[in-house]
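What follows is each chain in one-letter form.
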Amino acid sequence: MNLAAAYDCIAAFSETDFTEDLTALEVPILIAHGDDDQIVPIGAAALRSIELVRDGTLKVYPGAPHGIHGDFRAALVADILDFIAR
């Protein structure tokens, strides 16, 4: 892994205001977030994003970390398939 590239990615993501992009979306949006995400806190990301999108569904996974993996993967996949089916 290139550490410079990882740093640049984090810097670009944390310093870019995506407000206009989120408010411009005109399709249904699924926002999935673990409430134990220590990398991207839920309050600064998912909770703010769901306020900005027009047609959003927020799924919060209690105890899930960044990346929503491991024990939470089955619930995430089920929620994605349910969202697509609508």
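Residues numbered from 1 in each chain as written. Predicted model: local features only at pLDDT ≥ 70, side-chain atom pairs only at ≥ 80, totals over all residues. Heavy atoms only, no water.

S.K.: What is the right way to read the overall build of the protein from this model?
M.R.: Secondary structure summary: the protein contains 4 helices and 2 strands in total. Reading the protein from its N terminus to its C terminus gives the helix and strand order α-α-β-α-β-α. With the C-alpha coordinates aligned to their principal axes, the bounding extent of the protein is approximately 40 × 35 × 20 Å. Evaluated residue by residue, the protein yields a buried proportion of 26% over its 86 residues. Taking the contacts inside the protein whose residues are at least 6 apart along the sequence as the reference set, 66% of them involve residues at least 24 apart. On the protein, roughly 6200 Å² of surface is accessible, and the fraction owed to carbon and sulfur atoms is 59%. (Helix = DSSP H or I, 4+ residues; strand = E, 2+ residues; numbered from the N terminus. Buried < 20%, exposed > 50% of the residue type's maximum accessible area, 1.4 Å probe, protein only. Contact = heavy atoms within 4.5 Å. Areas by Shrake-Rupley, 256 points an atom, 1.4 Å probe, with all protein chains shown as cover.)

S.K.: What should I look at first to understand a nonpolar patch on the surface in this one?
M.R.: Nonpolar side chains collect at one region of the surface, where Val 77, Ile 80, Leu 81 and Ile 84 lie side by side and expose about 370 Å² of accessible area between them. Val 77 gets classed as partly exposed once you look at its relative accessible area, which sits at 41%. (Patch = residues over 30% accessible without salt bridge, like charges linked within 9 Å, V, L, I, M, F, W, Y side chains within 5 Å. Salt bridge = Lys/Arg side-chain N within 4 Å of Asp/Glu carboxyl O.)

S.K.: Looking at this structure, how should I read the nonpolar core?
M.R.: A general feature of soluble globular proteins is that nonpolar side chains tend to end up buried together. Counting residues in each nonpolar core, the largest one holds 7 residues, listed as Leu 22, Ile 29, Ile 31, Ile 42, Ala 46, Leu 52 and Val 53. Within the residue set of this core, elements represented by two or more residues are β1 (29-34) and α3 (46-52). Contacts of Ile 29, omitting those with residues within four sequence positions, involve Val 53, Asp 55, Gly 56, Thr 57 and Phe 83. (Core = buried A, V, L, I, M, F, W, Y, C linked by side-chain atoms within 4.5 Å.)

S.K.: What is the right way to read the packing of aromatic side chains from this model?
M.R.: Two aromatic rings, taken as a pair, are described by how far apart their centres are and by the angle between their planes. Throughout the structure, instances matching the rule amount to 1 aromatic pair. When the centroid spacing of 6.1 Å and the interplanar angle of 35° are considered together, the rings of Phe 13 and Phe 18 count as tilted. When its relative accessible area of 37% is taken as the criterion, Phe 18 is described as partly exposed. (Phe/Tyr/Trp six-rings, centres within 6.5 Å; stacked < 30°, edge-to-face > 60°.)

S.K.: Is there a simple way to think about the pattern of salt bridges in this case?
M.R.: Between side chains of opposite charge, a pair can form as their charged atoms come close. Tallying each qualifying case throughout the model produces 2 salt bridges. With a closest N to O distance of 3.5 Å, Glu 26 and Arg 54 form a salt bridge. Of the two residues, Glu 26 sits in the loop between α2 (19-24) and β1 while Arg 54 sits in the loop between α3 and β2 (56-61), which places them 28 residues apart along the sequence. Each member of the pair, Glu 26 as well as Arg 54, carries the same accessibility label: exposed.

S.K.: Would you explain unusual backbone geometry in this entry?
M.R.: Among all residues save glycine, negative phi is the norm, and among peptide bonds the norm is trans. Positive phi is not limited to glycine here, since Ile 68 has a value of about 40°. Along the chain, Ile 68 turns up in the loop between β2 and α4 (73-85). Classification of Ile 68 by relative accessible area gives buried; the value is 9%.

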